[in-house]
Amino acid sequence: MSTPVPPDQPRLPPVRYRCRHITRYSYTVQVVSSQLIAHLGPRELPGQRARVLAVTVEPPPAVVAERLDWLGNPTSYVAIDTPHLDLSMTVELDVTLTPRPAPDLAATPAWEEIAAQAPRHLAVAEFIEASPRLPQPSPALAAFAAGSFPPGGPSAPAPAT
Amino acid sequence: MAEPVPQLPPEQPSLFSDAGDLGYGTGPIFDEMVTGTGHLRPHWQQFFAAHGPFTPEQMAAKWAAARQRLFLNGVTFNSYRDPQGTERPWPLDPVPLLLSAPEWRAIGAGLVQRATLIEKVLEDFYGPQTLLADGTIPPGLLYADPGYLRACQGLKVPGGRRLVLFAADLVRDGDGQWRVLTCRTEAPTGVGYALENRAVLSQTLADPFRACNVERLSPFFEALRAAVARAAPQCSGVDGHPRAVLLTPGPFNEAYFEHAYLARHLRMTLAEGADMVVRDQAVYLKTLAGLERVDVILHRVDDAFCDPLELRVDSALGVPGLLQAVRAGSVAVVNALGSGMAESMALLAHMPALSRRLLGEELLLADVPTFWGGDEGQRAALLAQLDRMVMRPAFSSLPGHVANGPDLGEDAREALAARIRARPQDWAGQLPVAPSTAPLWRDGRVEPRPLVVRAFLCASGDGGWTVMPGGLVRISADARHAAVSLQEGAGSKDLWVVGAEPLGTVRRLISAPPDGAREPSPVPGNLPSRAADHLFWVGRYAERAASAVRLLRGATLRLSDDSRPAAREELSPLLRLMGRATLIPQEIAQLPDSDAARGMRQALEIAVDPANPGSLVATTGRLRRAMGSVRDRLPLDSRQVLGRLDVLGASLAKADRAALAVLLGDFSQVLAAQTGLELDSMPRGAGWRFLVLGRRLERAIDAVERLQASGIAHERPDAATQEVLLELAEAGPAYRERFPVGVQREAALSLLLTDPEHPHSLLFQLETIRRQVSRLPSLPAFGAAGGADPLVRLGDLVAQASYRVQDLALTRDMGLLSATLFQLGWALPDVSNLLSQAYFSHVHARAA
């Protein structure tokens, strides 16, 4: 599925962000040991480059193991064996966003066409299924969304103004 | 060896094998024993030659023998539907199912192909997913399945085998063709029950078993043990073997009997999730001696419940961090986590296509025709034949029940169709198969009943599979359906593969015998803390029950035997002691002497009333639960004790007074048997020490309380009180040997308190406790949190108690006795608490 792009859009320069994100926990009783899974950085996408500069955990952890999860998100497994009342995680990020040309929304294919293709399209097939441990899709939300998709309308309708 | 038996041609009616002679109905459905014209099938003839006809008397005797053996072996399964949550006896039919060796080999080849295929499918799903990319499988089949665990994507599979144990349910259709009903890939249940069924039937039907040359099951279990061991990424045992653990959800799981049985048989440590901990990305078992590395885990907890950190957060059954340990390659979990998704009906509907794609072969063993709603073409077929289909959830981890199309009314069918259209991917349907039947012994005759065979395979060393020459046959109570489960209360049968060539010339599918270095081993000598805790309480409850039985026997004897001297007078002290033991309420325990007989009659009812939490019946229930939780660590014959206790507890609750006296005698014998088993059959390891500590501590606490309640320290006891005290401490004969007549407080007290040779004296208990405490494993890494070592405090407390009781003045100086009893009254329960804190609960806080 290629996205139609209107001609002569101005090219915008990339923007670079330095971020610091701090998470703190306080406990009323001493925690003797703990294991946690943290998602602290954005994933790589077209137009998004992300670099984790530093992850600092206090108290110092016994194990830190980094990996990408199934969806490509940076994931940290952390195990702490020191008794503690407070826990903090500080992550420093370097993120560069390269603006991509905005698609011509009105020119996207009819939404029915996309919906019919989705179950066989590997990149999206996973996301049209209900999440195993979330509530079933709500008919009320479906009805609300249906208002934005008139029959034969574009699959990326322009926001109402 | 079997005697040669003349083979009778199937057309010719034999002397005793005609279906009509057996009173066995035949119909249009395929029967395993007789042909459509009512003749015995050839491979059953040898069985009947050795067994003889199914006469009601003979069958009733066999049935009773089998039931008795199962009962004594404690074979049970828990029913989730039973509101009491009680264990039910395992239903085994006395007639085995016979299949000929050539037929079983053909089935086995189909199963091997099936297991190979499913392993390849899983390898692809949790790896490159080419089956999705090339369109063999619609993506929804994977992504809509809650059993597809994304956290397990790309997870290492140490040993290279995802499936170590594989099972399939098979039915035979009307044409005599075997078909696959479902596959079991997550944590297949039933191997243990199959083994136990075999153990029972090979004994109750010893003659036909020998005559039929039945293939043995034991090589399969050797192969399974080796397969589990091969999965281990390293061998951490001091003996050079991998440490293997069977992870069970615990005693309330429906198949806990099997978990305990299998763990013992495969020589693995039985453990619950809370018995293990992850440190440094490795799994450790918490034992009394500290943390012991685990190499391989055979899990009977469902995939999604195995790690609350990465899978279901609400699971209390798993080990937090287990997935990370698997990811780090430090432990193997078999079957590989996430394999449960291969049980899905949706996948079954795609098996022929998968076989062609991945193996380039047609399936050797057909499926029961299955349709998945998530596939457009199959959905149409499914909706069109809804009135014939058996509808099931498409994915094994979806909740929901089986809906049988033909049973539904018009409205119900419409409602189901609407539900299927709303979420078609959640539904699958199977065309009904009229399963073959086999004789079931019921109400004095044999009747044909539909059956399902669960067959088992384990991974072999050469990358292939070993097929169990046998299986678990389940019989449906309902003549129409093949859908049977343990939960639905169906019967089971042993499966005999008969007529193989004699052993030695048979070519077997079995891997080479496991080489010594890869035998799995339980964590050696080291007890999980939870098991130590249960053993301690087995000891305490067993002594508590024994003490209550002695009290109640004393009471029934005196109520029923008026000729006994002083029977009446001795009722009052007995009542007081029963009150102290919380068998009865205080208002009855304190009744005046004149009312003692009436009070005692009432007391005997209350003391066995299950509603009374202090009653003997309630204590028995606690003892049974504690024993059940560690049955894998008690002597084998304790299973029989457990079974007898079950019956005794139930009978006590409804016994009249005459019956009560008899039952109490039986009870006393059963408890004595357990004591004997412990002494004679248990190695003197940590587990035995905790059991003994429980027993001696309970007896010591009981003795102190009894002396306090008797008032012996305050006034010279009357003859009745002294007689009762001596009797309860089993000291009557020893006393009379020394003092034929009269009340001798000092002599009585020395027997009860300070005699080091009398096994019921207080000093005897304290000295045993002191000895056992000194031999307990030390507490490693203790002291990180500061404070005194609890083991030192424990030793001090026990030594002081023992020292006080050795004071000979105790039997003369009543002030000293009173003070000592008071001291011990709090010190002994404190010993119990300290033990529990040091070994059972605080273990969690210990650093690695």
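Residues numbered from 1 in each chain as written. Chains lettered and ligands numbered in written order. Predicted model: local features only at pLDDT ≥ 70, side-chain atom pairs only at ≥ 80, totals over all residues.

1. Some details on the overall build of chain A
Alright, step 1. Of regular secondary structure, chain A possesses three helices and six strands.
Alright, step 2. In chain A, the succession of α and β elements from N to C terminus is β-β-β-β-β-β-α-α-α.
Alright, step 3. At 22 Å, chain A has a C-alpha radius of gyration far larger than the 15 Å of a compact globule built from 161 residues.
Alright, step 4. Along the first, second and third principal axes, the C-alpha set of chain A runs to 60 × 40 × 30 Å.
Alright, step 5. The buried share among the 161 residues of chain A stands at 7%. (Helix = DSSP H or I, 4+ residues; strand = E, 2+ residues; numbered from the N terminus. Rg over C-alpha atoms; globule rule 2.2 N^0.38 Å. Buried ≥ 20, exposed ≤ 12 C-beta atoms within 10 Å, placed from the backbone.)

2. Here's the deal with the overall build of chain B
Alright, step 1. A count of helical and extended segments in chain B gives 29 helices and 22 strands.
Alright, step 2. In chain B, which comprises 848 residues, the share counted as buried stands at 53%.
Alright, step 3. The contacts in chain B between residues at least 6 apart in sequence include a share of 73% that link residues at least 24 apart. (Contact = placed C-beta atoms within 7 Å.)

3. Some thoughts on the sheet that holds strand E2 (residues 34–38) of chain A
All names here are of chain A.
Alright, step 1. Pairing is antiparallel across the open sheet formed by three strands, whose spatial order is E2-E5-E4. The open sheet has two edge strands, E2 and strand E4 (63–68), and neither has a second partner. Pairs of neighbouring strands in the sheet enclose a mean axial angle of 15 degrees, with direction left out of account.
Alright, step 2. In the sheet, E4 pairs with strand E5 (residues 74–80) via six bridges, with the strands oriented antiparallel. Along E5, the bridge assignment pairs Glu66 with Ser76. (Pairing = 2+ DSSP bridges. Axes fitted to C-alpha atoms, helices over the stretch in contact; angles between N-to-C directions.)

4. Remarks on helix H13 (residues 351–358) of chain B
Residue and element names in this part refer to chain B.
Alright, step 1. Taken together, the buried positions of H13 are Met351, Leu354 and Ser355. Take H13 and look down its axis: the buried residues cluster within an arc of 100 degrees, on one side only. Turned more than 90 degrees from where H13 packs its buried face, Pro352 and Ala353 sit exposed.
Alright, step 2. Each element contacted by the buried residues of H13 is listed here: helix H4 (101–125), helix H12 (345–348) and strand E13 (366–367).
Alright, step 3. Phi turns positive, to about 65 degrees, at Gly360, one or two residues after H13. (Arc of directions from axis to C-beta.)

5. So, the interface of chain B and chain A
Alright, step 1. Residue-level contacts link 21 residues of chain B with 16 residues of chain A.
Alright, step 2. For the side of chain B that touches chain A, the secondary structure elements donating two or more residues are helix H5 (130–133) and helix H6 (139–143) of chain B.
Alright, step 3. If you tally residues by element for the side of chain B that touches chain A, the top one is H6 of chain B, at three residues.

6. Describing the sheet that holds strand E3 (residues 48–58) of chain A
Residues and elements named next belong to chain A.
Alright, step 1. Pairing is antiparallel in the open sheet, where three strands are placed in the order E1-E6-E3. The open sheet has two edge strands, strand E1 (15–31) and E3, and neither has a second partner. Going across the sheet, the axis of each strand differs from the next one's by a mean of 15 degrees, ignoring polarity.
Alright, step 2. Inspection of the sheet shows E3 paired to strand E6 (residues 84–97) by 10 bridges, in the antiparallel sense. Bridge pairing in E6 places Ala50 opposite Val95.

7. Structural notes on the nonpolar core
Residues and elements named next belong to chain B.
Alright, step 1. In this structure, Val228, Val283, Val331, Val333 and Cys458 are the most contacted members of the largest nonpolar core, which totals 163 residues.
Alright, step 2. The greatest single-element share of this core, amounting to 10 residues, is contributed by H4.
Alright, step 3. Each residue touching Val333, except ones within four places of it in the same chain, is listed here: Ile297, His299, Cys306, Leu322 and Val326.
Alright, step 4. Judged by nonpolar contacts, the second largest core, of 95 residues, contains Leu527, Ala546, Leu574 and Leu725. (Core = buried A, V, L, I, M, F, W, Y, C linked by C-beta atoms within 7 Å.)

8. What to know about the pairing of E4 of chain A
Alright, step 1. For E4 of chain A, a buried count of zero out of six residues is recorded, marking the element as mostly open to its surroundings.
Alright, step 2. Between E4 of chain A and the antiparallel strand that follows it, E5 of chain A, lie five residues; Gly72 of chain A among them carries a positive phi value of about 95 degrees.

9. Considering the pairing of strand E10 (residues 290–293) of chain B
Alright, step 1. Where strand E9 (residues 282–287) of chain B meets E10 of chain B, four bridges bridge the pair, whose relative direction is antiparallel. Among the inter-strand pairings, Tyr284 of chain B is bridged to a residue of E10 of chain B, identified as Arg293 of chain B.

10. Considering the environment of Ala232 of chain B
Residue and element names in this part refer to chain B.
Alright, step 1. Position of Ala232 among the secondary structure elements: in the loop between helix H9 (218–231) and strand E6 (244–247).
Alright, step 2. Overall, Ala232 belongs to the buried group, with 24 C-beta atoms counted inside 10 Å.
Alright, step 3. As a C-alpha pair, Ala232 and Arg172 span 60 residues in sequence and 38 Å in three-dimensional space.
Alright, step 4. Excluding anything up to four places from it in sequence, Ala232 contacts Pro242, Asp295, Val296 and Ala332.

11. Points about the confidence of the model for chain B
Residues and elements named next belong to chain B.
Alright, step 1. In the predicted model, chain B carries a mean pLDDT of 85, and 88% of its residues have values of at least 70.
Alright, step 2. Low pLDDT, under 50, characterises residues 503–517; the predicted model gives this stretch 23 contacts beyond four residues in sequence or across chains.
Alright, step 3. Scored below 50 in pLDDT, residues 842–848 shows 11 contacts in the model against residues more than four places distant or in partner chains.
Alright, step 4. The complex model carries a pTM of 0.75, and its ipTM stands at 0.88. (pLDDT = per-residue confidence, 0-100.)

12. Comments concerning the packing of helix H21 (residues 638–653) of chain B against helix H22 (residues 657–681) of chain B
Residue and element names in this part refer to chain B.
Alright, step 1. Closest axis-to-axis distance for the H21/H22 pair is 10 Å, and the angle between their directions is 160 degrees. As the angle between them shows, H21 and H22 are arranged roughly antiparallel. Crossing of H21 over H22 shows left-handed handedness. Contacts between H21 and H22 involve Ser638, Val641, Arg644, Leu645, Leu648, Ser651 and Leu652 from the first element and Leu663, Asp666, Phe667, Val670, Ala673, Gln674 and Leu677 from the second.
Alright, step 2. Residue composition of the contact of H21 with H22, by class: nine nonpolar, three polar and two charged. (Parallel < 35°, antiparallel > 145°, perpendicular 65-115°, else oblique. Left-handed = near helix turned anticlockwise from the far one by under 90°. Nonpolar A, V, L, I, M, F, W, Y, C, P; charged D, E, K, R; others polar.)

13. Looking at the environment of Gly72 of chain A
Residues and elements named next belong to chain A.
Alright, step 1. By the element assignment, Gly72 lies in the loop between E4 and E5.
Alright, step 2. Look at Gly72 and you get exposed, because 10 C-beta atoms sit within 10 Å.
Alright, step 3. Counting along the chain gives 14 residues from Gly72 to Asp86, while the straight-line C-alpha distance between them is 30 Å.
Alright, step 4. Ignoring anything within four residues of it in the chain, the contact list for Gly72 reads Arg43 and Glu44.

14. Let's talk about the packing of helix H16 (residues 529–560) of chain B against helix H24 (residues 719–728) of chain B
All names here are of chain B.
Alright, step 1. Interaxial distance between H16 and H24 falls to 10 Å at its minimum, and their mutual angle equals 135 degrees. As far as their axial angle goes, H24 and H16 are oblique. The hand of the H16/H24 crossing is right-handed. Residue-level inspection shows Arg550, Leu551 and Gly554 of H16 in contact with H24, the latter providing Val724, Glu727 and Leu728.
Alright, step 2. A class-by-class count of the residues in the contact of H16 with H24 yields three nonpolar, one polar and two charged.

15. Details of unusual backbone geometry
With the exception of glycine, most residues fall at negative phi, and the peptide bonds are largely trans.
Alright, step 1. Glu58 of chain A connects to Pro59 of chain A through a cis peptide bond whose omega is 0 degrees.
Alright, step 2. For the bond running from Val334 of chain B to Asn335 of chain B, omega is -10 degrees, close enough to zero to count as cis.
Alright, step 3. Mapped onto the elements of the fold, Asn335 of chain B is located in the loop between strand E12 (332–334) and H12.
Alright, step 4. With phi around 60 degrees, Gln281 of chain B is a residue other than glycine that occupies positive phi space.
Alright, step 5. Relative to the assigned elements, Gln281 of chain B resides in the loop between strand E8 (276–279) and E9.
Alright, step 6. Residue Gln281 of chain B is classed as buried on the basis of its 20 C-beta neighbours within 10 Å.

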